Amino acid sequence: MPLWTIHHTPGIFNAETKRALAARITEHYESAGLPRFYVVTLFQETAPEDFYVGGEPTPVGIRVVIDHIARHAHDTEGRRRIAEWINQILTPTLERHPGVHSEFHVDETSEELWMINGLVPPPGGSDAEKRWAKENVVSTY
């Protein structure tokens, strides 16, 4: 499961731009074979007086924290590809906000510590996971 938590100052996103970004994120993971419902995107608006960088309030900022659980990169090249893809996904938003401070990072969490609706997800690439992706629903396997 990829979980994107997007901390941002006011004015960066509205309902339409949130939906568009969440859709782009989801479509990427779906194209890699993950079920759409694995992808969760949370937008957390943070007032500039509560968004500090280097000990100073940040008037325009985005900080994205991404947890990858369903899949992990196995080498430096794979991690660099992931970082470049994330940068490409965020660039259209960042370009609309001159002077924005932006950062992201990705944590890779053990899939052994993950359940959906009380079920351990099926192994990556398995027939059961493919069925979950096709049906876009959690089911016993």
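Before any of the text, the structure's been laid out above.
Residues numbered from 1 in each chain as written. Predicted model: local features only at pLDDT ≥ 70, side-chain atom pairs only at ≥ 80, totals over all residues. Heavy atoms only, no water.

J.: Please clarify how the pairing of strand β1 (residues 2–8) should be interpreted in this entry.
T.: Each regular strand carries side chains that alternate between the two faces of the sheet. Taken across its 7 residues, β1 has 6 buried, putting it largely inside the fold. Where β1 meets strand β5 (residues 61–68), 7 bridges bridge the pair, whose relative direction is antiparallel. Bridge assignment links Pro2 to a residue of β5, and that residue is His68. Strand direction decides the pairing type here: β1 and strand β2 (residues 40–45), joined by 6 bridges, are parallel. Note that in β2 the partner of Leu3 across the bridge is Val40. (Buried < 20%, exposed > 50% of the residue type's maximum accessible area, 1.4 Å probe, protein only. Helix = DSSP H or I, 4+ residues; strand = E, 2+ residues; numbered from the N terminus. Pairing = 2+ DSSP bridges.)

J.: Help me understand a nonpolar patch on the surface in this model?
T.: Nonpolar side chains collect at one region of the surface, where Met115, Val120 and Tyr141 lie side by side and expose about 340 Å² of accessible area between them. As for its position among the elements, Met115 is in the loop between β6 (101–108) and α3 (127–135). (Patch = residues over 30% accessible without salt bridge, like charges linked within 9 Å, V, L, I, M, F, W, Y side chains within 5 Å. Areas by Shrake-Rupley, 256 points an atom, 1.4 Å probe, with all protein chains shown as cover. Salt bridge = Lys/Arg side-chain N within 4 Å of Asp/Glu carboxyl O.)

J.: What is the right way to read the environment of Tyr29 from this model?
T.: Within the fold, Tyr29 resides in helix α1 (residues 15–31). The exposure class of Tyr29 is buried, given its relative accessible area of 7%. Along the sequence, Tyr29 and Ile12 sit 17 residues apart, while their C-alpha atoms lie 24 Å from each other. When sequence neighbours within four positions are dropped, the list of residues in contact with Tyr29 reads Pro2, Trp4, Leu34, Val39, Ile66, His68 and Trp85. (Contact = heavy atoms within 4.5 Å.)

J.: Teacher, can you tell me more about the environment of Thr58 here?
T.: In this fold, Thr58 is placed in the loop between β4 (56–57) and β5. For Thr58, a relative accessible area of 8% translates into the label buried. Taking the C-alpha atoms as reference points, Thr58 and Ala47, 11 residues apart in sequence, are found 8.9 Å from one another. Ignoring anything within four residues of it in the chain, the contact list for Thr58 reads Thr9, Pro48, Phe51, Tyr52, Val53 and His101.

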